[in-house]
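Here are the chains, one letter per residue:
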Amino acid sequence: MADTQQVDEAAVPDAKAERRAARLAKEIGAFAAKHGGAEGQVAHLGRKGARIVLVGEDGNWGDLVAPTYEVARKAVEKAGITVHEEFDGEFAAKVRTGPYEWSRMAGIQLGGPANP
């Protein structure tokens, strides 16, 4: 008789989630290195997953999307950044916006420049 190896079906998605979290953590680390450090906040996006908002020490910001909230939490944990529970006033005050963002915000609100 041949030996058979049973595959744990639950382990396959877990391994995929771990790889995705590791890739996101690497991207978070690259952002942090480029911007003198970073802090973040994880927010649910419903069925689409979770959004990781990053704010660098220099005020630049960006975001990443994870397939699940759990993957996003693992990614920020692996990256070792400070994570805020809310995007409150103190955290939001660290964001530096430039002319592009102000133009886009004014465009959306006041009928300003159209989408490029």
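Preceding block: the structure.
Not measured: the values here are computed from a predicted model.

A. Focus on the overall build of the chain. What the chain contains, in helices and strands, is four helices and four strands. Overall, the chain shows an N-to-C arrangement of helices and strands of α-β-β-β-α-β-α-α. For the chain, the proportion of its 116 residues judged to be buried stands at 27%. The long-range fraction of contacts in the chain, counting pairs at least 24 apart against all pairs at least 6 apart in sequence, stands at 51%. Carbon and sulfur atoms make up 54% of the accessible area of the chain, which totals about 8200 Å².

B. Broad picture of the pairing of strand β2 (residues 50-56). Burial within β2 is extensive, with six of its seven residues counted as buried. Pairing of strand β1 (residues 38-44) with β2, which is carried by seven bridges, proceeds in the antiparallel orientation. Within the sheet, the bridge partner assigned to E39 lies in β2 and is V55. Between β1 and β2, which pair antiparallel one after the other, the connecting turn spans five residues, and G46 there sits at a positive phi close to 75 degrees. Alignment of β2 against strand β3 (residues 61-66), held across six bridges, turns out to be antiparallel. Counterpart to V55 in the pairing with β3 is W61. Taken together, β2 and the strand that follows it, β3, pair antiparallel across an intervening segment of four residues, in which G59 is found at a positive phi of about 95 degrees.

C. Just the nonpolar core, in detail. Membership of the largest hydrophobic core comes to 18 residues, with the highest contact counts inside it found for I28, I52 and L54. Breaking this core down by element, the ones donating at least two residues are α1 (11-34), β1, β2, β3 and α2 (69-79). When residues in this core are grouped by element, the largest group, six residues, is from α1. Setting aside its immediate chain neighbours within four residues, L54 contacts I28, F31, E39, G40, N60, W61, G62, L64 and I81.

About the thresholds
- Residues numbered from 1 in each chain as written.
- Predicted model: local features only at pLDDT ≥ 70, side-chain atom pairs only at ≥ 80, totals over all residues.
- Heavy atoms only, no water.
- Helix = DSSP H or I, 4+ residues; strand = E, 2+ residues; numbered from the N terminus.
- Buried < 20%, exposed > 50% of the residue type's maximum accessible area, 1.4 Å probe, protein only.
- Contact = heavy atoms within 4.5 Å.
- Areas by Shrake-Rupley, 256 points an atom, 1.4 Å probe, with all protein chains shown as cover.
- Pairing = 2+ DSSP bridges.
- Core = buried A, V, L, I, M, F, W, Y, C linked by side-chain atoms within 4.5 Å.

What is shown is where atoms sit, not what they do.
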